[in-house]
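Notes for the structure review
The residues making up each chain are set out below.
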Amino acid sequence: MRWGTAAAVAATAVGAGAAVILIGRRVSERTVRPQPGKPGLAATLRVHEVAAGHVTLTRAPQTVRAGRYALEWAGGGHAVVGGVLRTDIQTVTRRLERVDSGTLTVGTEVELTPRVHLGDPATALGLDFTETVAQGDLGLLPAWYVHAMRGTWVILVHGPGADRTQALPVLPVLNSLKLPTLTVTYRGDADAPHPPDGLGHFGETEWRDVEAAVGLALESGAGRVVLYGWSLGATMCLLTAARSTRRESVAGLVLDSPILDWQESVRRESVRAGVPGVLAELGALAAEGRTKVDPAALARLADGTDLHLPTLLLGSPADGIAPIEAARRLAHRRWDLVSLHEVPDAEHAQLWNADSDGYAEVLRRWLTPLL
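Residues numbered from 1 in each chain as written. Predicted model: local features only at pLDDT ≥ 70, side-chain atom pairs only at ≥ 80, totals over all residues. Heavy atoms only, no water.

**Some thoughts on the packing of aromatic side chains**
For clarity, the cut-off: Aromatic rings from Phe, Tyr and Trp, taking only the six-membered ring of Trp, are treated as a pair when their centres fall within 6.5 Å; an angle between ring planes under 30 degrees marks them as stacked, one over 60 as edge-to-face, and anything in between as tilted. Segments assigned H or I by DSSP are reported as helices when at least four residues long, segments assigned E as strands when at least two residues long, and all are numbered from the N terminus. Relative accessible area decides the class of each residue, using a 1.4 Å probe on protein chains only: under 20% of the type maximum gives buried, over 50% gives exposed, and in between gives partly exposed.
Inspection of every chain in the model, using the stated rule, returns three aromatic pairs. Plain terms: the ring middles of Phe 129 and Trp 144 are 6.2 Å apart, the flat faces sit at 70 degrees to each other, and that makes the pair edge-to-face. A residue pair is termed long-range when its members are at least 10 positions apart, and Phe 129 in the loop between α3 (121-125) and β7 (130-136) and Trp 144 in strand β8 (residues 139-146) qualify at 15 residues. Classification of Trp 144 as buried rests on a relative accessible area of 5%. For the ring pair Tyr 228 and Trp 230, a centre distance of 4.6 Å and an interplane angle of 20 degrees mean the geometry is stacked.

**Describing the packing of helix α5 (residues 207-219) against helix α6 (residues 232-243)**
As a reminder of what qualifies: For every element, the axis is a line fit to its C-alpha atoms; helices are fit only across the contacting stretch, and the angle between N-to-C directions ranges from 0 to 180 degrees. Relative orientations are named as follows: roughly parallel for angles under 35 degrees, roughly antiparallel for angles over 145 degrees, roughly perpendicular for angles from 65 to 115 degrees, and oblique for any other angle. If you view the pair so one helix is near and one far, a crossing is left-handed when the near helix is turned anticlockwise from the far one by less than a right angle, and right-handed when it is turned clockwise. When checking whether two residues touch, look at their non-hydrogen atoms; a contact exists if any pair is within 4.5 Å. Three classes are used, and their members are as follows: Ala, Val, Leu, Ile, Met, Phe, Trp, Tyr, Cys and Pro are nonpolar, Asp, Glu, Lys and Arg are charged, and the others, Gly among them, are polar.
It is at 8 Å that the axes of α5 and α6 come closest, and there the two elements cross at 65 degrees. As judged from the angle between their axes, α5 and α6 are roughly perpendicular. In terms of crossing hand, the pair formed by α5 and α6 is right-handed. Facing Trp 207, Val 210, Glu 211 and Val 214 of α5, the residues of α6 in contact are Met 236, Leu 239, Thr 240 and Arg 243. Each residue belonging to the contact of α5 with α6 can be placed in one class, and the counts come to five nonpolar, one polar and two charged.

**Section: the environment of Pro 169**
Within the fold, Pro 169 resides in the loop between β9 (152-157) and α4 (171-176). Pro 169 sits 183 residues away from Trp 352 along the chain, and the two C-alpha atoms are 7.6 Å apart. Sequence-distant contacts of Pro 169, defined by excluding residues within four places in its chain, comprise His 117 and Trp 352.

**As for the sheet that holds strand β1 (residues 44-51)**
The cut-off we apply is this: Should DSSP find at least two bridges between two strands, the strands are taken to pair.
Taking strand neighbours around the barrel as the criterion, the six strands line up as β1-β2-β5-β4-β3-β6 in a closed arrangement whose pairing is antiparallel. Strand-to-strand twist of the sheet, defined as the mean angle between neighbouring strand axes without regard to direction, takes the value 45 degrees. Pairing geometry for β1 and strand β6 (residues 109-113), over three bridges, is antiparallel. Paired with Leu 45 across the bridge in β6 is Val 110.

**Considering the pattern of salt bridges**
Heads up, the rule is: The salt bridge criterion pairs a side-chain nitrogen of Lys or Arg with a carboxyl oxygen of Asp or Glu, the two atoms within 4 Å.
Tallied over the full model, the rule gives 16 salt bridges. Among the ionic pairs, Glu 109 bridges to Arg 46, the shortest N-O distance being 3.1 Å. Of this pair, Glu 109 sits in strand β6 while Arg 46 sits in strand β1, placing them 63 residues apart in sequence. Residue Arg 300 pairs with Asp 306 through a salt bridge whose shortest N-O separation is 3.3 Å. Among the residues examined, Arg 300 registers a relative accessible area of 36% and is labelled partly exposed. One connected set of salt bridges, linked through shared partners, spans Arg 68, Arg 95 and Glu 97.

Encoded structure:
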């Protein structure tokens, strides 16, 4: 059913006031209950040709973007594609780097996703790691620990709809700097405790699980930590640095595509799902009411009032969820602490995919003075 039709039916059936509430709740579902393992929207594409070293796909905005991405298809199929080789009106041909599982054939329906690496640090990257757990207030929170020599640890926090594999692409550069890493989970993840109300809270409750990970790192020998997050995971890192009783042990922040204007991000997420603008506004209001989020507290994060640490801020003008203007405002207001690096034509939390070498170099240069 189309959103406009749904609104009309609801209004007729239960009255305008009740309809507004019902529609707002329905629109807000996507943002308050993110689906595990499904970061963002992935349009279904068709394979038109497969040959040695290349694959031809349906032309779409995402298939013409520069960088490295995954193709995923039914039955667990997974392949990795690189740069664009050629295009025409209907198709895009990209370099085919590898097929990890399944058979890629003409006619296969695939999704283009950022998940270039699957598995764990050992199976995906050849990095030895240990399974460990942090003790959160709701229960045990699984984490991957990759050992290295330095006393500063990096705690990596994925975004909504993703999982720990989101951090895999940056583990090699962190390991090359000899930085131990702790890649964590938080409430609502598939292998972590569920929140009592079943909802995500835009970081307002989840940051406590990041704080628990900081505690695990410090108890395990870390002298201090760098918090590194994607999307709402970045917001959780900001909240932890501002509120945690252990915040003096936080040496810096790396924020990839942070949600700084959460209301605008909720509206954008709804519009991307096909919701008209007026109903998207209702969804944002419903999400605020259902999650009891504190807009004033998040506004202080966004304007840098509560920021006291060196921060690497990574964003893109093409981000369809987190507006780059919010990142630019924060970098301008807190020029003394914030270094902003923009990646052109990169989707939300896909900055590494768009320019993996450049991303790694920016990360390396920013982290080196903190070692």
